[in-house]
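# Per-entry structural report
For reference, the chains in residue letters:
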Amino acid sequence: MPQVVAEAWVPVLPGTAFAVSQTTGELRLTWDPFIRHQHLIDAERPGKDVRTLTRARIGPTMISRYVSYRPPTSVGMTMEKGPWFFATFGGGWRFTPEERDGVEGTRAVWKYTWSARPAWLSPVADPIGRWLLGREIRARIAAFARACESPDVLGAV
């Protein structure tokens, strides 16, 4: 299965980095360039087995489910329903403590894995997916890194 990976270092501890990554509602929309709309389905806060409806700024909508939720170290999700061109889609975000230049912080590594539908389209769809999803995940983690330095975002988590 194809995958894309992006990483960033942020000058906050893993608990704070994790909390920023799991913000919802208007606060999430202030920093996450991928999302046009997102809400939890039948839940007040993220957690294992909680479902989320996400509409991307570029159009597609997906219902995903948290398959793991381990503050402050990791979170994983899998697609339950989504765009016709994904047979499967999953993502994992990891947060590990890492000091840089005497500053305690967090190394965030985000990964998306998918398979295309129909399968015979994979030779064409996979490189396009790597390019498009690679661009999106890099922009998204860069925005996350900026959010981890924003007094407004940090004050809200």
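Refer to the structure printed above.
Residues numbered from 1 in each chain as written. Predicted model: local features only at pLDDT ≥ 70, side-chain atom pairs only at ≥ 80, totals over all residues. Heavy atoms only, no water.

### As for the packing of aromatic side chains
To be explicit about the condition: Note on aromatic contacts: the rings of Phe and Tyr and the six-membered ring of Trp form a pair at centre separations within 6.5 Å, being stacked when their planes are under 30 degrees apart, edge-to-face when over 60 apart, and tilted otherwise. Secondary structure counts use DSSP, requiring at least four H or I residues in a row for a helix and at least two E residues in a row for a strand, with both numbered from the N terminus. Each residue is assigned to one of three classes by its accessible area relative to the maximum for its type, calculated with a 1.4 Å probe on protein chains only: buried under 20%, partly exposed between the two thresholds, exposed over 50%.
Tallying each qualifying case throughout the model produces 11 aromatic pairs. Ring geometry for phenylalanine 18 and tyrosine 69: centres 5.3 Å apart, planes at 70°, overall edge-to-face. With a gap of 51 residues between them, phenylalanine 18 in helix α1 (residues 14–21) and tyrosine 69 in strand β4 (residues 61–70) connect regions that are remote in the sequence. A relative accessible area of 4% means that phenylalanine 18 is categorised as buried. An angle of 50° between the planes, with centres 5.0 Å apart, marks the rings of phenylalanine 86 and phenylalanine 89 as tilted. The two residues phenylalanine 86 and phenylalanine 89 agree in class, both being buried.

### Focus: the sheet that holds strand β7 (residues 103–116)
Two pairing modes exist for strands in a sheet, parallel and antiparallel, and in both the strands are linked by backbone hydrogen bonds. Inclusion rule: Only when DSSP finds a minimum of two bridges between them are two strands counted as paired. Every axis corresponds to a line fitted to the C-alpha atoms, with the helix fit spanning only the stretch in contact, and the corresponding angles, defined between N-to-C directions, vary from 0 to 180 degrees.
Strand order in the open sheet made by the seven strands is β1-β7-β6-β5-β4-β3-β2, with antiparallel pairing throughout. Looking at the sheet topology across the chains shown, the edges are occupied by β1 (3–10) and β2 (35–41). Here the strands of the sheet are splayed against their neighbours by 20° on average, with no regard to which way each runs. Pairing between β2 and strand β3 (residues 51–56): six bridges, direction antiparallel.

### Considering α1
Applied cut-off: Each C-beta atom gives one direction from the helix axis, and the arc is the one those directions make.
Those residues of α1 not exposed but buried are Pro14, Ala17, Phe18, Val20 and Ser21. For α1, the angular spread of buried residues about the axis comes to 160°, placing them on one side.

### Brief notes about the pairing of β1
The two faces of the sheet receive side chains in turn, since in a regular strand these alternate between them. Only one face of β1 is covered, namely the one carrying Val4, Ala6, Ala8 and Val10; the face carrying Gln3, Val5, Glu7 and Trp9 has none of its residues buried. Sheet topology places β1 next to β7; eight bridges connect them, and they run antiparallel. Across the sheet, valine 5 pairs through a bridge with lysine 111, a residue of β7.

### Description of the nonpolar core
Here is the rule: Only buried residues count toward a nonpolar core. Its members are Ala, Val, Leu, Ile, Met, Phe, Trp, Tyr and Cys residues joined through side-chain atoms within 4.5 Å. It only takes one pair of heavy atoms within 4.5 Å for two residues to be counted as in contact.
Judged by nonpolar contacts, the single largest core of 32 residues is most densely connected at Trp31, Phe89, Phe95, Trp110 and Phe144. Leaving out residues up to four positions away in the same chain, tryptophan 31 has contacts with Val20, Ser21, Thr23, Trp110, Arg140, Ala143, Phe144, Ala147 and Val153.

### Quick look at the side chain of aspartate 32
Let me state the cut-off plainly: Two N or O atoms form a polar contact when they lie within 3.5 Å of each other; inside protein one atom must be a possible hydrogen donor and the other a possible acceptor, and for residues adjacent in sequence the pair counts only when both atoms belong to side chains.
With respect to the helices and strands, aspartate 32 occurs in the loop between α2 (25–31) and β2. A polar contact is formed between the side chain of aspartate 32 and the side chain of arginine 140, at a distance of 2.9 Å. In contact with aspartate 32, not counting residues within four places along its chain, are Arg57 and Arg140.

Such coordinate-based values are descriptive only and should not be taken to indicate function.
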